[in-house]
Number of protein chains: 2
Amino acid sequence: MAVTIKDIAQRIGVSVSTVSMVLNGKDYRISPATREKVEAAAREMNYRPNRMAAGLVTKTSKTLGLIVPDITNSYFAEMAAVIEAKCADNGYSLFLCTTNYMPEHDVKYTNLLLEQGVDGILFVMSVDGHNHRAGECLQLLREAGVPILLLDQEWSNDIAVNVISDNEQGGYLAVRHLLELGHVRVGSLTGPAGTQTSQKRLSGYKRALQEYDLPFDPKLIVEGNFRTDSGYDQCDVLLAQNVTAIFAYNDMMALGIYKRLREKGIRVPEDISLVGYDNLNFTDCLEVPLTTIYQPAAQMGETAVVKMLQMLAKERPQDVVFAPKLIIRASTSPLL
Amino acid sequence: MAVTIKDIAQRIGVSVSTVSMVLNGKDYRISPATREKVEAAAREMNYRPNRMAAGLVTKTSKTLGLIVPDITNSYFAEMAAVIEAKCADNGYSLFLCTTNYMPEHDVKYTNLLLEQGVDGILFVMSVDGHNHRAGECLQLLREAGVPILLLDQEWSNDIAVNVISDNEQGGYLAVRHLLELGHVRVGSLTGPAGTQTSQKRLSGYKRALQEYDLPFDPKLIVEGNFRTDSGYDQCDVLLAQNVTAIFAYNDMMALGIYKRLREKGIRVPEDISLVGYDNLNFTDCLEVPLTTIYQPAAQMGETAVVKMLQMLAKERPQDVVFAPKLIIRASTSPLL
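Examining the sheet that holds strand β7 (residues 221-223) of chain A
All names here are of chain A. A sheet is described by the order of its strands in space; here 4 strands give the open sequence β7-β6-β8-β9, paired in parallel fashion. The open sheet has two free edges, formed respectively by β7 and β9 (273-275), since each of these has just one partner strand. On average, each strand axis in the sheet is inclined to that of its neighbour by 20°, with strand direction left out of account. The strands that helix α10 (residues 228-239) touches are β6 (186-190), β7 and β8 (245-248); relative to β6, the one it contacts most, it runs at about 150°.

So, the domain arrangement of chain A
Interface size is often expressed as the accessible area that is lost when the parts come together. When the domains of chain A are assigned, the result is domain 1 (5-49), domain 2 (62-165 + 297-322) and domain 3 (167-295). Between the C-alpha centres of domain 1 of chain A and domain 3 of chain A the distance comes to 64 Å.

Re the relation of the copies chain A and chain B
Of the transformation superimposing chain A on chain B, the axial component is 0.1 Å and the angular component is 180°, with the fit at an RMSD of 0.1 Å. Each copy turns onto its partner about a two-fold axis. Interface residue correspondence from chain A to chain B reaches 100%, placing this contact among same-surface, isologous pairings.

Side note on the packing of helix α6 (residues 103-115) of chain A against helix α7 (residues 132-144) of chain A
All names here are of chain A. Packing of α6 against α7 brings their axes to within 8 Å, and their N-to-C directions diverge by 10°. In terms of orientation, α6 lies roughly parallel with respect to α7. Of the residues in α7, those touching α6 at P103, E104, D106, V107, T110, N111 and L114 are R133, E136, C137, L140, L141 and A144. For the contact of α6 with α7, the per-class residue count stands at 7 nonpolar, 2 polar and 4 charged.

Some thoughts on the packing of helix α8 (residues 167-180) of chain B against helix α9 (residues 196-211) of chain B
Residue and element names in this part refer to chain B. Relative orientation of the contacting elements α8 and α9 amounts to 40°, with a least axis distance of 7 Å. Taken together, the axis directions place α8 and α9 in an arrangement best described as oblique. Judged by the sense of rotation from one axis to the other, the crossing of α8 with α9 is right-handed. Contacts from N167, E168, Q169, G170, G171, Y172, V175, R176 and L179 of α8 reach α9 at T197, K200, R201, L202, S203, G204, Y205, R207, A208 and E211.

Reading the values: rules and limits
- Residues numbered from 1 in each chain as written.
- Chains lettered and ligands numbered in written order.
- Predicted model: local features only at pLDDT ≥ 70, side-chain atom pairs only at ≥ 80, totals over all residues.
- Pairing = 2+ DSSP bridges.
- Helix = DSSP H or I, 4+ residues; strand = E, 2+ residues; numbered from the N terminus.
- Axes fitted to C-alpha atoms, helices over the stretch in contact; angles between N-to-C directions.
- Contact = placed C-beta atoms within 7 Å.
- Domains from an automatic or database assignment.
- Least-squares fit on C-alpha atoms with pLDDT ≥ 70 in both.
- Parallel < 35°, antiparallel > 145°, perpendicular 65-115°, else oblique.
- Nonpolar A, V, L, I, M, F, W, Y, C, P; charged D, E, K, R; others polar.
- Left-handed = near helix turned anticlockwise from the far one by under 90°.

Right under this line is the structure:
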């Protein structure tokens, strides 16, 4: 059981407010003898100040929360590491929570972080604009009056600031590259259906098709979960549609696809061209270096913290949208 | 400012204890009319129960803390993801904290998590047995009476349970493999000097040398930080020592070394043999598939949660040590 200032007061026979004044450094009216007695008792009894209670006075805990879907995705891991370092530079500690793309965990961790008294939340939501869980999270944050910064997935609203990269453009660049190479049947391995980044990349895929006057075939769109295993597992489903190229919505899944193709003796890029997304740091060293879409994870993380600090200083910063870039390597080639 | 039960009591003119009894479900003595009035006010005023205060009654918050050095290291990321999932399965939420291998951050986050009232802490310490920060963390946890599970890095002590893999044996297996291939000058790119995993792998390196009657040359030992960049940056320092093989203490650094070697036109394994550690999921798909040491990150994470749940149930589980395995791929070959 935690030791309270009441316990200390009882132990040495002084009032609770005397103990409180000493331990909060507002002891100008307390005698040196009493002050020492309180401090000695606090040490002996191993008193630990209640941060929540302290927060009620200072209204700040110097802690921030970061909620991300999946820390095994190196894209989020890099972002989280930069955010942690930037927070530490500014005297903030960071609690990181992972939701495994479960919207109900978004709500759970929003509640938990609010209960822990964080000063603000940086949030990569797992849910799309049509899902009511996202609205629930924002409503909780609105009511609590806690600054919120939406990272990676935007959401037009009155309270949050968005720091994202242009996923529609990223999807467009990936698929236009494949169409330029003469591919017509381009398979698409998406993230979880509700995920906004995934929906936007799919919109970009469709825009590229339209530009090339190609029809949209829903059978070429297969759902993954952004993990390597789902690339491996869903590869055969795409192959059954006679695709000549695959756009995987992240590098982790592209790696899984590559593993399965290699196992089946299907060559990249001779038999199948492959594009990933994120430009993870191993992609240029693969057996077949991967064509991919770069988005600046570190810069996004750093910007997110800068914007959060502005919000904590009662400013209202602008949204930021970063531009993705196509990086062409050996995994894509002209359709023969 | 958070709404308290006192605010609710004042608003509707009842006692604080009445509000408390209603909101804690101990309202058998309260009239239905009053109960409804309290509940309505709590809703309207957006009352949020203080988890710490609730914890003082139930003595449990159903939250756990996990402290790791670096989440961009996929080994820790995989472990963290498994721990989060296993916690969720058992009704626990997880706060993840990263320390960037700074012992003072170990202490900071130990304090923060204790203040937040977590029920237990899973801890990958950044510090070695000789560093007083580790002792400080354990002392804090001992005084708070909070169960602690040390993961990845062990520490003989009276309170913590250890779940680790045998790093001395892992280092031994890596270097013995290189010595068997005829290499004599084996460079060693360690983690941060204080890190226990790093020290143990170095002990294994020395044991292998002894077995082959080779002298230990401290100039062949170079310090890295377990990140890709440090492999890239320190590669030239090792090359200057005329090594014919390099043992990098994790795959992230091995990747960095590989990038630098490729840039310099030095071939793996023809000119330099390379061994990593962790068997990350991209290592079998690299241009030159990487020989490495496997340690079961997922199984370690899962075991850690099982042991923590036992500790929370007032049991005292045994330490667990997992055996590492050598995985031989194309990055190592006989010295010509």
